[in-house]
Amino acid sequence: MRAYVELVRAPAALTVLGDTVAGAAFGPGLAGRRLALPAASVAFYWAGMALNDWSDRTLDAVERPERPIPSGRVSPAAALGVAVGLTATGLALAAAAGRLKAAVPLAAAVWAYDTVLKQTPAGPAAMAACRGLDVLMGGGRAALPAALALGGHTLGVTVLSKGEVHGGSSSVAKGVLAGTVASALAATAGRARSVRHRLLGAAGAAAYAGLVGRAQLAAAKEPTAAAVRGATKAGIHGMVPLQSALAARAGSVGSALLVAGALPLARRLSRKVGPT
C-alpha cells in the first residue's frame, strides 16, 4: 500500500482540493451534487501522478531509482492501470456533479502532458493548463481570474522543478519569484465582494507569497538541486493559501478557511511522502 501511496503522492492531493472550491466561489458555489467536484480533482491529480511515473520509468531508473516503479514495488502495467482507473473515477465524479463537459478537457490535458508534452518546451504551459482547467471545472467562465492566478503559479513551479535533480539557475529562480509576486497581486486585484473580503484575500495572498517566496529566494541565491526541490515543494504547498485567498476575495470566507486548514496537514504528511 505504501508503494501506491508514493506512486500517486497521496498527501499532495490536499493541495488540489481547493481548486474547485476557489473556482466555485466565483461562480455557483459548491452545494448538493457539486460537492463531488473536489473529489474529482483529487482523482485526476492522482491519475496524473501515476501516469507521470509510468511515463518517466526509464529516466527514473537512472535519476530516481527509489521511486515505486524502478524499485520494483509497482509494475509499469499496474501504474498505468491506476492512472486509467483514477481518470475514469474523476470523470464519473464530475458527471455526477453535472460538470462532465468541463472534466473531459481536463482529463485530456493531464494525459497529453504526461505522455507527450512534459519533455517539450510546451510542458510547463501544459501543466499550467491542467491546473487552470481544474479551477474552471469548479466555477466555469466566471472563475477565469482564479484559473489564471493558479495557472500562472503552476507555470512557475513547473519551470523551476526542472532543476530538482541536477540543480537550476539563479535567473530562472528569480523569474519564477517575480511570477509569484504577480500571482499574489492577481489574487487581490479585481472585483471583491466587499472591503472585508478584499482584506481577507490580501491576508491569504501575503501568506502565499511568504511561504513560496522565501523558498524561491533561497533557490535564486544558491540554485542547488536541494534548494530547487525545497522551492518546488513550497510551491506545491503554496497552492493552498493562494486558493484560500481567491475564495475569500470572492466572498466565500467559510470555504477559504476550510481550504487553509489543509495546509498544516499537507506539510506534515509531506515529511512521510514527498509531493515532488
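Each residue is numbered by its place in its chain's sequence as written, counting from 1. For a predicted model such as this one, the threshold for reporting local features is a pLDDT of at least 70, and the threshold for listing and counting side-chain atom pairs is 80 or more; totals across whole chains, interfaces and linings nevertheless cover every residue. Only hydrogens and water are set aside when side-chain values are computed; all heavy atoms of the structure are taken into account.

Caption draft 1: How the structure looks around the nonpolar core. Ranked by size, the top nonpolar core spans 22 residues in total, and within it F26, V135, L150, A187, L242 and L246 carry the most contacts. Secondary structure follows DSSP: runs of H or I at least 4 residues long count as helices, runs of E at least 2 residues long count as strands, and numbering of each begins at the N terminus. Only helix 2 (17-26), helix 8 (144-161), helix 9 (170-188), helix 10 (195-221) and helix 11 (225-249) provide two or more residues apiece to this core. Ranked by residues supplied to this core, first place goes to helix 11 with six residues. The set of buried Ala, Val, Leu, Ile, Met, Phe, Trp, Tyr and Cys residues whose side-chain atoms join them within 4.5 Å is what this entry labels a nonpolar core. When accessible area is computed with a 1.4 Å probe and restricted to protein chains, residues below 20% of their type maximum are described as buried, those above 50% as exposed, and intermediate ones as partly exposed. In this structure, F44, A107, V110 and M137 belong to the second largest nonpolar core, which totals 16 residues.

Caption draft 2: Geometry of helix 2. The buried fraction of helix 2 amounts to nine of the ten residues, a majority that puts the element mostly inside the structure. Burial in helix 2 covers these residues: G18, D19, T20, V21, A22, G23, A24, A25 and F26. As for helix 2, its buried residues are in contact with helix 3 (37-55), helix 7 (123-139), helix 8, helix 11 and helix 12 (253-260). By definition in these notes, contact holds between two residues if any of their heavy atoms fall within 4.5 Å.

Caption draft 3: Spatial organisation of a positive patch on the surface. Taken together, R214, R267, R268, R271 and K272 make up a surface patch of like positive charges. Secondary-structure assignment places R214 in helix 10. Only residues whose relative accessible area exceeds 30% and that take part in no salt bridge are eligible for patches, with like-charged residues grouped when within 9 Å of each other and nonpolar side chains (Val, Leu, Ile, Met, Phe, Trp, Tyr) grouped when within 5 Å. Throughout, the Shrake-Rupley method with a 1.4 Å probe supplies accessible areas, and for residues the shown protein chains are the sole cover considered. When a carboxyl oxygen of Asp or Glu lies within 4 Å of a side-chain nitrogen of Lys or Arg, that pair is called a salt bridge. His is not counted, nor are the chain ends; Lys and Arg add positive charge and Asp and Glu add negative charge. Note on charges: their place is set at NZ of Lys, CZ of Arg, CG of Asp or CD of Glu.

Caption draft 4: A look at the environment of G201. You can see G201 is positioned in helix 10. Take G201: its relative accessible area is 0%, and that puts it in the buried class. Linking G201 and V84, residues 117 residues apart in sequence, is a C-alpha distance of 37 Å. Apart from residues lying up to four places away in sequence, G201 is in contact with T188, A245, A248 and R249.

Caption draft 5: Quick peek at the confidence of the model for the protein. Confidence in the prediction for the protein averages 94 pLDDT; 100% of positions are at 70 or higher. Known as pLDDT, the predictor's confidence for each residue is given on a scale from 0 to 100. Helix 13 (residues 262-269) is the least confidently modelled element of the protein, averaging 91 in pLDDT, while helix 5 (residues 76-96) averages 98, the highest of any element.

Caption draft 6: Spotlight on the packing of helix 11 against helix 13. The convention used is that axes are lines fitted to C-alpha atoms, helices contributing only their stretch in contact, and that angles between N-to-C directions extend from 0 to 180 degrees. Taken N-terminus to C-terminus, the directions of helix 11 and helix 13 make an angle of 170°; their axes are 10 Å apart at the nearest point. Put simply, helix 11 runs roughly antiparallel to helix 13. Seen from helix 11, the contacting residues are H237, V240 and P241; seen from helix 13, they are L263, A266 and R267. Any angle that is under 35 degrees is reported as roughly parallel, and any over 145 degrees as roughly antiparallel; angles of 65 to 115 degrees are reported as roughly perpendicular and all others as oblique.

Caption draft 7: Highlighting unusual backbone geometry. Even without glycine at this site, R9 takes up a positive phi of about 50°. One can find R9 in the loop between helix 1 (2-7) and helix 2.

Caption draft 8: How the structure looks around the packing of aromatic side chains. Classification of ring pairs uses Phe, Tyr and Trp, with its six-membered ring standing for Trp, and accepts pairs whose centres are within 6.5 Å; under 30 degrees between planes counts as stacked, over 60 as edge-to-face, and the remaining range as tilted. Overall, the coordinates contain zero aromatic pairs when judged by the stated rule. Working rule: Lys NZ or Arg CZ, within 6 Å of ring centre, within 35 degrees of ring normal, means a charge sits over the ring. Cation over ring: R57 sits above W54, and NZ or CZ is 4.6 Å from the ring centre.

Caption draft 9: Spotlight on the pattern of salt bridges. Enumeration according to the criterion identifies eight salt bridges in this entry. The closest approach of N and O atoms between E6 and R2, which form a salt bridge, is 3.0 Å. With E6 and R2 both in helix 1, this residue pair falls four residues apart, about one helical turn. For R2, a relative accessible area of 49% corresponds to the partly exposed category. One salt bridge in this structure joins E6 and R73, with 2.9 Å as the shortest N-O distance. In this pair, E6 sits in helix 1 while R73 sits in the loop between helix 4 (57-63) and helix 5, placing the two residues 67 residues apart along the sequence. Judged by its relative accessible area of 18%, E6 is buried. Judged by its relative accessible area of 37%, R73 is partly exposed. One network of salt bridges, in which partners are shared, links R9, D53, D60 and R67.

Caption draft 10: Examining the packing of helix 11 against helix 12 more closely. Remark: helix 11 packs on helix 12, axes separated minimally by 8 Å, with the N-to-C direction vectors making an angle of 175°. Regarding the angle of helix 11 to helix 12, the classification is roughly antiparallel. Of the residues in helix 12, those touching helix 11 at V240, Q243, S244, A247 and A248 are A256, L257, V259 and A260. Residue classes in the contact of helix 11 with helix 12 are distributed as seven nonpolar, two polar and no charged. Any residue outside Ala, Val, Leu, Ile, Met, Phe, Trp, Tyr, Cys, Pro, Asp, Glu, Lys and Arg is labelled polar, Gly included; the first ten of those are nonpolar and the last four are charged.

Caption draft 11: Fine view of helix 8. The end-to-end C-alpha distance of helix 8, which contains 18 residues, comes to 25 Å, matching closely the 26 Å that a straight helix rising 1.5 Å per residue would cover. For helix 8, the set of buried residues is A146, A147, A149, L150, G151, H153, T154, G156, V157, T158, L160 and S161. On its buried face, helix 8 is in contact with helix 2, helix 6 (100-117), helix 7, helix 9, helix 10 and helix 11. For a helix, the expected span equals 1.5 Å multiplied by the number of residues minus one.

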